Amino acid sequence: MNAREKAFERAKKKAENVARNPEKVKQIIDSALNKATAQKTSSQFQEITDKLQALLRMLKSWLNKEYSVIPWQTIILAFTAIIYFVTPFDAIFDFIPLLGFADDVAVLTAVLASINRDLDKFMEWEGELVQEETPVTDAVEADFEEVKGGGKTEA
């Protein structure tokens, strides 16, 4: 087993514990959002930013019990990837320029590819929610007559 596989297995064990603790889930999601924001300028990261953001929204929706049709395996894989992403001491330490972040991107890319169907279903559900929340307004045309006397009625 190589270093990346060992680090991934450690992250997976941690993910199984984290997924059962709502407070830890929030901490991991916040950490991932912070790191993702800091890495936005990386060209490697630009390619997966949208999917990672969707993944984090999916996990938040799952945590808040808004979206629960996610297989447990997908939850664990998602948390595994996020824990691997936020942990500075994985297969290649994140403080090593370029290389440290490259293995994070590789793991994220692999996990995102493996859970792509579930993530697409979530984004479809999310899109339907937005459509439901968008108010539909019908234009009402009305003709107004000017009332003589400044609006006062004559008796």
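S.K.: What is the right way to read the packing of helix α4 (residues 49–63) against helix α7 (residues 116–133) from this model?
M.R.: How two helices pack is summed up by the angle between their axes together with the distance between the axes. At a minimum axis separation of 10 Å, α4 and α7 run at an interaxial angle of 75°. Looking at the two axes, α4 sits roughly perpendicular to α7. Only Asn116, Asp118, Leu119, Asp120, Phe122, Met123, Trp125 and Glu126 of α7 make contact with α4, whose side of the interface consists of Lys51, Ala54, Leu55, Arg57, Met58 and Ser61. Per-class residue counts for the contact of α4 with α7 are seven nonpolar, two polar and five charged.

S.K.: I'm lost on α4 in this one. Help?
M.R.: The periodicity of an α-helix, 3.6 residues per turn, causes residues three or four places apart in sequence to face the same way. Taking 1.5 Å of rise per residue, 15 residues should cover 21 Å, and α4 covers 21 Å from first to last C-alpha, within 8% of that figure. Of the positions making up α4, those classed as buried are Thr49, Leu52, Ala54, Leu55, Leu56, Met58, Leu59, Ser61, Trp62 and Leu63. Of the residues one or two after α4, Lys65 is the one with positive phi, at around 60°.

S.K.: Where do I start with the packing of α4 against helix α5 (residues 72–86) in this structure?
M.R.: Interhelical geometry of α4 versus α5 gives an angle of 125° and a closest axis separation of 11 Å. Between α4 and α5, the interaxial angle falls into the category oblique. As for the relative orientation of α4 and α5, their crossing is left-handed in sense. Contact with α4, carried on its side by Leu52, Leu55, Leu56, Met58, Leu59 and Trp62, involves Trp72, Thr74, Ile75, Ala78, Phe79, Ile82 and Phe85 of α5 and no other residues of that element. Split into classes, the residues belonging to the contact of α4 with α5 amount to 12 nonpolar, one polar and no charged.

S.K.: Help me understand a negative patch on the surface, please; the structure alone is not making it clear to me.
M.R.: A cluster of acidic residues, Glu124, Glu128, Glu132 and Glu133, forms a negative patch at the surface. Among the structural elements, Glu133 can be located in helix α7.

What counts as what
- The residue count restarts for each chain, going from 1 along the sequence in the order it is written.
- Reporting in this predicted model follows two pLDDT cut-offs: at least 70 for local features of residues, and 80 or more for side-chain atom pairs to be given and counted; totals over whole chains, interfaces and linings ignore these cut-offs and use all residues.
- To get the side-chain values, take all heavy atoms of the structure and skip hydrogens and water.
- Only the stretch in contact is used when a helix axis is fitted, and all axes are lines through C-alpha atoms; the angle between N-to-C directions ranges over 0 to 180 degrees.
- Helix numbering and strand numbering both begin at the N terminus, where a helix is a DSSP run of H or I of at least 4 residues and a strand a DSSP run of E of at least 2.
- Each angle is binned into one of four classes, with values under 35 degrees roughly parallel, values over 145 roughly antiparallel, values of 65 to 115 roughly perpendicular, and all other values oblique.
- Residue contacts are counted whenever heavy atoms from the two residues lie within 4.5 Å of one another.
- When residues are sorted by character, Ala, Val, Leu, Ile, Met, Phe, Trp, Tyr, Cys and Pro go into the nonpolar class, Asp, Glu, Lys and Arg into the charged class, and all the rest, Gly among them, into the polar class.
- By this rule the span expected of a helix is its residue count minus one, scaled by 1.5 Å.
- Here the term buried applies to any residue with accessible area under 20% of the maximum for its type, exposed to any over 50%, and partly exposed to those in between, with areas from a 1.4 Å probe on protein chains only.
- Handedness of a crossing is defined here by the sense of rotation of the near helix relative to the far one, left-handed for an anticlockwise turn of less than a right angle and right-handed for a clockwise turn.
- Exposure above 30% relative accessible area and no salt bridge define the residues that can form patches, which grow by joining like charges within 9 Å and nonpolar side chains of Val, Leu, Ile, Met, Phe, Trp and Tyr within 5 Å.
- With residues, only the protein chains shown are counted as cover, and all accessible areas are computed by Shrake-Rupley using a 1.4 Å probe.
- Take a side-chain nitrogen of Lys or Arg and a carboxyl oxygen of Asp or Glu: if they are within 4 Å of each other, that pair is a salt bridge.
- Charge convention: Lys and Arg are scored as positive, Asp and Glu as negative, and His as well as the terminal groups of each chain are ignored.
- We put the charge of a Lys on NZ, of an Arg on CZ, of an Asp on CG and of a Glu on CD.

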